[in-house]
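# Results of the structural survey
As a plain string of letters, each chain reads:
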Amino acid sequence: MAEGDRIWKNARLLTLAEGAPGMGLEEDGALAVRDGRIVFAGPQSDLPNDLAGIETIDCQGRLITPGLVDCHTHLVHAGDRAREFEMRLEGASYEEIARAGGGIVSSVTQLRAADEAELVRQSLPRLDALIREGVTTVEVKSGYGLTIHDELKMLRAARQLAQQRPVSVTATYLGAHATPAEYKGRNAEFIRDVVLPALKQAHELSLVDAVDGFCEGIAFSPDEMRQVFDLARSLGLPVKLHADQLSNLSGAKLSADYGALSADHLEYTDDEGAAAMAKAGTVAVILPGAFYFIRETKKPPIDLFRSHGVNMALATDNNPGTSPLTSLLLTMNMGATLFGLTVEECLAGVTREAARALGKLAEIGTLEPGKSADLAIWDVERPAELVYRMGFNPLHQRVWRGMPTF
């Protein structure tokens, strides 16, 4: 019997399998794991006989869900931007702060001053907060270094997080996040001198799993983003895009044109963009933390995504300037309260659809045989409690690749 072989009995399973009625809830369920992978998830009465002898754990009626997936974070960063928070309270908008030299660019100095070890040290508490809430997979972006050296440093720090904690980390290259002061007004040169060469080096060093960009009036135009995406495509890397957050530059459609895994934010996405995303299978990643924190009023078009059949994920968007949020549980509550997402949309949004947004649905995101045994076991009476409560963590146990981590 391998170390990761276990059976959880007397459980309620929320499989979240695609198309399963009632989110795949099995009231009298069991889940079996061999070699860190699920081999059975279903009614306890159907548990195969050939699993006899495996360590058995009595869940005492607790709810088991897939391990949570945070599919959009800027977890690796240095310092904070609490002063900008004060400025917003005094009436300044995110765009005004950015155009005055704040926003993303204000994080660059602190990032560049920190070495890799310091970045890891500062980032681990944020990662630990997610892990304590049942997160088993997290995406981490670069984008605060804005030099070749510092972007690679961020990606190496992201890889280090996965070495220091029992968690799966997807590293996303976000060199086209902002134009640094030394290239102000020279986006084309910045892309030529830094963004594209850093992406090539990150790929050569196996530091990058996906490529992102910020398509916005204060960042990069669609034509500039196409250069980055064309290189990503030539390297065989999937893409995603910060799109339509502050205005509609047709970022959603641009992402769909490249078969992007996801388009994220999307407050200003129109019908054409939603239709293109649905056709391409591009996931809409909804980020209520940023909407809340910078006091936006334009909500993402949830009903439009529903009508077109666009899959929707939820994520923290953890970052120092616009969403210093390290709770997927609170993110779900925000998604429901602010945007009207249903309980099922919220729970699928931090499991199945978040996995889809990372291109990892074949591996994680649902409780189905063959998938990695990434689980969260909860002390709740019904699934809705995971969305309903604020500031309360009912996690009983987190399991990563079949191994309980606490």
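The model shown is predicted, which means the values in this text are computed figures rather than measured ones.

### Quick look at the packing of helix α5 (residues 148–164) against helix α6 (residues 187–204)
In contact at an axis separation of 9 Å, α5 and α6 are set at 40° when each is read in the N-to-C sense. Classed by the angle they form, the pair α5 and α6 counts as oblique. Handedness of the crossing formed by α5 with α6: right-handed. Where α5 abuts α6, its residues Ile148, Leu152 and Leu155 lie against Asp193, Val194, Pro197, Ala198, Gln201 and Ala202. Per-class residue counts for the contact of α5 with α6 are 7 nonpolar, 1 polar and 1 charged.

### A few points about the UniProt feature "binding site: 4-imidazolone-5-propanoate" (unreviewed entry) in the protein chain
The UniProt record marks Arg81, Tyr144, His177, Gln245 and Thr322 with the feature "binding site: 4-imidazolone-5-propanoate" (unreviewed entry), using the residue numbering of this structure. Structurally, Gln245 is set in the loop between β10 (240–243) and α8 (251–257). With respect to the helices and strands, the residue Thr322 is situated in the loop between β13 (312–314) and α12 (328–339). Assessed through its relative accessible area of 6%, Thr322 is described here as buried.

### Observations regarding the environment of Asp374
Along the chain, the position of Asp374 falls in the loop between α14 (352–357) and β14 (375–378). Of the residues examined, Asp374 reaches a relative accessible area of 5% and is grouped as buried. Sequence separation between Asp374 and Ala276 is 98 residues, and the spatial gap between their C-alpha atoms is 32 Å. If sequence neighbours within four positions are ignored, Asp374 has contacts with Thr65, Pro66, Gly67, Thr136, Thr137, Ile364, Leu367, Val399, Trp400 and Arg401.

### Looking at the domain arrangement of the protein chain
As far as domains go, the protein chain holds domain 1 (6–66 + 366–405) and domain 2 (68–358). The interface of domain 1 with domain 2 comprises 28 residues on the first partner and 25 residues on the second. Taken together, both faces of the contact between domain 1 and domain 2 bury some 2000 Å²; the carbon and sulfur share is 62%. If you look at where domain 1 meets domain 2, you find 1 salt bridge. Taking the shortest distance from any N to any O, the salt bridge between Arg356 and Glu18 comes out at 2.8 Å. Inspection of the domain 1/domain 2 interface yields 10 residue pairs in polar contact (both at pLDDT 80 or more). Within the residue set of the side of domain 1 that touches domain 2, elements represented by two or more residues are β5 (63–66), β14, α15 (385–388) and β15 (395–400). The element best represented in the side of domain 1 that touches domain 2 is β15, accounting for 4 residues. In the side of domain 1 that touches domain 2, the residues fall into 19 nonpolar, 4 polar and 5 charged.

### Observations concerning the pairing of β15
Of all 6 residues in β15, 5 are buried, a share of seventy percent or more. As paired elements, β14 and β15 share 4 bridges and run antiparallel to each other. Note that in β15 the partner of Leu375 across the bridge is Val399. In the sheet, β15 pairs with strand β16 (residues 403–404) via 2 bridges, with the strands oriented antiparallel.

### Concerning the packing of aromatic side chains
A ring pair, where both rings are aromatic, is described by two values, the distance of the centres and the angle of the planes. For the structure on display, the rule yields 5 aromatic pairs. Where Phe190 meets Phe220, the ring centres are 6.3 Å apart and the plane angle is 20°; that geometry is what we call stacked. Note that Phe190 is positioned in helix α6 and Phe220 in the loop between β9 (210–215) and α7 (222–235), a separation of 30 residues in sequence. By relative accessible area, Phe190 is classed as buried at 0%. A relative accessible area of 0% places Phe220 in the buried class.

About the thresholds
- Residues numbered from 1 in each chain as written.
- Predicted model: local features only at pLDDT ≥ 70, side-chain atom pairs only at ≥ 80, totals over all residues.
- Heavy atoms only, no water.
- Axes fitted to C-alpha atoms, helices over the stretch in contact; angles between N-to-C directions.
- Helix = DSSP H or I, 4+ residues; strand = E, 2+ residues; numbered from the N terminus.
- Parallel < 35°, antiparallel > 145°, perpendicular 65-115°, else oblique.
- Left-handed = near helix turned anticlockwise from the far one by under 90°.
- Contact = heavy atoms within 4.5 Å.
- Nonpolar A, V, L, I, M, F, W, Y, C, P; charged D, E, K, R; others polar.
- UniProt positions renumbered as here; feature names shortened; annotations may be inferred.
- Buried < 20%, exposed > 50% of the residue type's maximum accessible area, 1.4 Å probe, protein only.
- Domains from an automatic or database assignment.
- Buried area = accessible area lost by both parts, 1.4 Å probe.
- Salt bridge = Lys/Arg side-chain N within 4 Å of Asp/Glu carboxyl O.
- Polar contact = N/O pair within 3.5 Å; in protein donor to acceptor, adjacent residues only side chain to side chain.
- Pairing = 2+ DSSP bridges.
- Phe/Tyr/Trp six-rings, centres within 6.5 Å; stacked < 30°, edge-to-face > 60°.

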